Amino acid sequence: MKNFKKFLSKNFEIYYIKTGTFKLDGGAMFGTVPKVIWNRIYPCDNNNRITLSQNSLIVVSEDFKLLIEPGCGNKWNERRKKIFEFEGGIANLKNFGFSPDEITHVSFTHLHFDHAGGATELINGDLKPFFKNAEYLIRKEELEDAINSNERTKASYLKEDFMPLIKVQKVKEIEKDCEILPGIKIIKTGGHTRGHVVFLIEDKILFFGDLVPTAKHIHLPYIMAYDNLPLETLEKRKEIYRMCMEKEIQIFFPHDTELKTGYIIQKEGKYTLKEIE
Ligand SMILES: [Zn+2]
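Residues numbered from 1 in each chain as written. Predicted model: local features only at pLDDT ≥ 70, side-chain atom pairs only at ≥ 80, totals over all residues.

K.L.:
Quick rundown of the overall build of the protein chain? Include the residues and the values.
P.N.:
If you tally the helices and strands in the protein chain, you get seven helices and 17 strands. The globule rule puts the C-alpha radius of gyration for 277 residues at 19 Å, and the 17 Å found for the protein chain is close to it. Dimensions of the protein chain along its principal axes, counting C-alpha atoms only, are 55 × 45 × 35 Å. In the protein chain, the share of contacts with a sequence separation of at least 24, taken over all contacts with a separation of at least 6, comes to 68%. (Helix = DSSP H or I, 4+ residues; strand = E, 2+ residues; numbered from the N terminus. Rg over C-alpha atoms; globule rule 2.2 N^0.38 Å. Contact = placed C-beta atoms within 7 Å.)

Structure, rendered in structure tokens:
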């Protein structure tokens with residue numbers, strides 16, 4: 001199966017790459033949906049886990065190389081390796097023709113470990129930014145919540161993923177919806193986390209983050225149990241789906257194992273994907 005797709009927009013080359021996979025509980029990934037329903041469209045292993053992708057989007061212009069979502073990274077202890085069965089990861093970036101050192105900016109939809117883990121690496125016991133020459137653009141509320149995690153969120157926000165970036169002063173906090181780079185907008189959605197954002201590129205390309213983790217989650221009730229504010233997810237999905245249909249925006253997913261992409265359409269009253277290659 002292909003683990004790489006390339007698209008051209010007005011001013012950018014866009015690379016949609018699958019650097020690896022990992023596993024999460026299938027029930028948690030489908031929230032209130034019973035297993036007899038979700039398991040028909042998403043098979044699980046003997047431990048009820050489903051395989052998810054670690055997808056990144058790289059936006060290349062004449063002036064910058066932005067990487068959105070470095071994925072899970074490689075700083076895992078044996079216990080976590082057993083739980084999540086990580087395969088590959090951002091260290092595979094070179095297989096797609098990119099060196100981490102040429103990335104000028106890194107950004108995230110949110111700071112959970114499966115999105116921000118690849119931002120840092122462990123070298124001889126020291127935590128260092130994986131992208132040495134990059135500035136890390138992070139939504140302010142997300143950084144606050146990640147730093148001040150609580151009993152429910154601390155299993156997802158791991159300090160080693162973002163504190164080393166703050167320590168070397170590589171973080172730029174983004175305070176509101178804006179262009180983080182020319183042509184690259186962030187829109188706060190909340191829902192999954194309070195500071196969760198999606199990326200809108202030249203008003204034509206949208207990276208969903210965990211607002212919609214895979215193409216199989218487009219159907220409105222398929223909202224993860226991991227979401228802190230599931231009803232906010234529902235409302236934002238409706239708003240963003242409508243925008244995507246109106247403006248014919250191409251959509252991308254952080255965890256879709258087949259690197260699906262295309263356009264949101266409505267079929268028999270349900271939202272679904274009109275896939276393109
Ligand atoms: Zn995720």
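Still to come is the rest of the account.
K.L.:
So what's going on with the environment of N92? Residues and values would help.
P.N.:
Looking at the secondary structure, you find N92 in the loop between β5 (87-88) and β6 (105-107). Those residues in contact with N92 that sit more than four places away from it in its chain are T19 and G20.

K.L.:
Can you tell me about the pairing of strand β7 (residues 120-123), naming the residues and giving the values?
P.N.:
Relative to strand β8 (residues 126-129), β7 is paired through four bridges, and the arrangement is antiparallel. Its bridge partner being in β8, T120 is matched across the sheet by P129. Between β7 and β8, which follow one another and run antiparallel, lie two residues, and N124 among them has a positive phi close to 45°. (Pairing = 2+ DSSP bridges.)

K.L.:
Give me the nonpolar core: which residues, what numbers.
P.N.:
By size, the foremost hydrophobic cluster in this structure holds 67 residues, and its most contacted members are V198, F199, L206, F208 and F252. Those residues in contact with F199 that sit more than four places away from it in its chain are I68, I184, I186, L206 and F207. (Core = buried A, V, L, I, M, F, W, Y, C linked by C-beta atoms within 7 Å. Buried ≥ 20, exposed ≤ 12 C-beta atoms within 10 Å, placed from the backbone.)

K.L.:
Help me get a handle on the environment of S56, residues and values and all.
P.N.:
Note on placement: S56 falls in strand β3 (residues 49-60). Spatially, the C-alpha atom of S56 lies 8.8 Å from that of F253, the residues being 197 residues apart in sequence. Beyond its immediate stretch of four places on either side in the chain, S56 contacts I17, T19, L67, I68, E69, P70 and G71.

K.L.:
Describe the environment of G20, naming the residues involved and giving the relevant values.
P.N.:
Position of G20 relative to the elements: it lies in strand β2 (residues 13-25). Sequence separation between G20 and H255 is 235 residues, and the spatial gap between their C-alpha atoms is 9.8 Å. Apart from the residues within four sequence positions on either side, G20 is in contact with Q54, G71, C72, F86, E87, G88, G89 and N92.

K.L.:
Which residues make up the sheet that holds strand β14 (residues 205-207), and what values go with them?
P.N.:
The sheet built from seven strands is open, its strands ordered β11-β12-β13-β14-β15-β16-β17 with mixed pairing. Looking at the sheet topology across the chains shown, the edges are occupied by β11 (178-181) and β17 (270-275). For this sheet, the mean angle separating the axes of adjacent strands, direction not counted, is 35°. Here six bridges tie strand β16 (residues 261-267) to β17, and the two strands are oriented antiparallel to one another. Bridge pairing links Q266 to Y271 in β17. Each of β13 (197-201), β14, β15 (250-252), β16 and β17 touches helix α7 (residues 230-247); the most contacted strand, β16, lies at about 105° to it. (Axes fitted to C-alpha atoms, helices over the stretch in contact; angles between N-to-C directions.)

K.L.:
For helix α5 (residues 140-147), give the residues involved together with the corresponding values.
P.N.:
Looking only at α5, the buried set comprises E142, L143, D145 and A146. Buried residues of α5, viewed axially, fall in a sector of 165°; they line one side. As for α5, its buried residues are in contact with β9 (135-139), α6 (159-167) and β10 (171-174). (Arc of directions from axis to C-beta.)

K.L.:
Break down unusual backbone geometry for me, citing the residues and quoting the values.
P.N.:
Phi is positive for Q169, close to 55°, though the residue is something other than glycine. Mapped onto the fold, Q169 is located in the loop between α6 and β10. Q169 gets classed as exposed once you count the C-beta atoms within 10 Å, which come to 8. At D203, a residue that is not glycine, the phi angle is positive and equals roughly 60°. In this fold, D203 is placed in the loop between β13 and β14. Take D203: there are 14 C-beta atoms within 10 Å of it, and that puts it in the partly exposed class.

K.L.:
Can you explain α7? Please cite residues and give values.
P.N.:
Here α7 contains 18 residues, and its C-alpha end-to-end distance of 26 Å stays within 8% of the 26 Å for a straight helix at 1.5 Å per residue. Along α7, the positions that sit buried rather than exposed are T233, K236, R237 and I240. Taken down its axis, α7 places every buried residue within 115° of arc, on the same side. Relative to its buried face, α7 has exposed residues pointing more than 90 degrees away, namely L231, K238, E239 and E246. Looking at the buried positions of α7, the neighbouring elements they touch are β13. Of the residues flanking the end of α7, it is E248, one or two places downstream, whose phi is positive at about 50°. (Expected span 1.5 Å × (residues − 1).)

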